[in-house]
Amino acid sequence: MCRNITTLRGLEPPATSEEIEAAARQYVRKVTGVQSLSDATREPFEAAVREVAAITARLLDELPQRRQPPTTVPPLRRADVQARIAAREAHERAHELGLPHEHDDEDELEHATA
């Protein structure tokens, strides 16, 4: 159904709560078609993410061990994704603190319309 959701069962070390939540968020986004949250969608969307994450964590705990590890690494374990997340968080902190920082052209358009 959604190719972006990676296999979490059999990871070493086991899937983290952040990885489980990310997979749940991708699933809920896919089935609802909601890509950005509004006041009307935020609470039901987040409630669904919490429920799907809880069910997923329970399912992973109850299933027997895999014989072979998954062939793909979850995005949150990839160095390039970690770097992108860190850059985004630093950028958001700079905005919150009013610190000088750079924007690329796409960011400029986004901030100009915000």
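Look up a bit, the structure's there.
Residues numbered from 1 in each chain as written. Predicted model: local features only at pLDDT ≥ 70, side-chain atom pairs only at ≥ 80, totals over all residues. Heavy atoms only, no water.

A. Structural view of the overall build of the chain. Regarding its fold elements, the chain presents 4 helices and 0 strands. Going from the N terminus to the C terminus, the chain shows its helices and strands as α-α-α-α. The burial tally for the chain puts 18% of its 114 residues in the buried class. Taking as baseline every contact in the chain between residues at least 6 positions apart, the subset at least 24 positions apart corresponds to 58%. (Helix = DSSP H or I, 4+ residues; strand = E, 2+ residues; numbered from the N terminus. Buried < 20%, exposed > 50% of the residue type's maximum accessible area, 1.4 Å probe, protein only. Contact = heavy atoms within 4.5 Å.)

B. Representation of the layout of surface pockets within the structure. Considered as a void within the structure, the largest pocket measures approximately 440 Å³ in volume. In this structure, the largest pocket is lined by 15 residues; those nearest its centre are Glu18, Ala22, Ala23, Gln26 and Leu76. Classifying every residue of the lining of the largest pocket by side-chain character gives 7 nonpolar, 3 polar and 5 charged. (1 Å grid on protein atoms, 1.4 Å probe; cavity = no way out; pocket = protein on both sides within 12 Å on 5 of 7 lines; lining within 4 Å. Points joined across faces, edges and corners; volume = space filled by probe spheres on them. Nonpolar A, V, L, I, M, F, W, Y, C, P; charged D, E, K, R; others polar.)

C. Representation of the nonpolar core in the model. Membership of the largest hydrophobic core is limited to 10 residues, which are Leu8, Leu11, Ile20, Ala23, Ala24, Val28, Val34, Phe45, Val49 and Ala53. Elements with a contribution of two residues or more to this core: helix H1 (17-32) and helix H2 (42-62). Here this core gets 4 residues from one element, more than from any other, and that element is H1. Beyond its immediate chain neighbours, meaning those up to four positions away, Val49 contacts Glu21, Ala24, Arg25 and Val28. (Core = buried A, V, L, I, M, F, W, Y, C linked by side-chain atoms within 4.5 Å.)

D. A look at a nonpolar patch on the surface. Together, Ile5, Tyr27 and Val31 give the surface a local cluster of nonpolar side chains, amounting to about 230 Å² of exposed area. As for its placement among the helices and strands, Val31 is situated in helix H1. (Patch = residues over 30% accessible without salt bridge, like charges linked within 9 Å, V, L, I, M, F, W, Y side chains within 5 Å. Areas by Shrake-Rupley, 256 points an atom, 1.4 Å probe, with all protein chains shown as cover. Salt bridge = Lys/Arg side-chain N within 4 Å of Asp/Glu carboxyl O.)

E. Fine view of the environment of His91. Within the secondary structure layout, His91 lies in helix H3 (residues 79-97). Placed 12 residues apart in sequence, His91 and His103 show a C-alpha to C-alpha distance of 8.8 Å. Of note is the side chain of His91, whose polar atom sits 2.9 Å from the side chain of His103. (Polar contact = N/O pair within 3.5 Å; in protein donor to acceptor, adjacent residues only side chain to side chain.)

F. Quick look at the pattern of salt bridges. Per the counting criterion, the structure on display carries 4 salt bridges. We note a salt bridge from Arg50 to Glu43, for which the minimum N-O separation is 3.1 Å. Residues participating in the shared-partner salt-bridge network are Glu21, Arg25 and Glu46.

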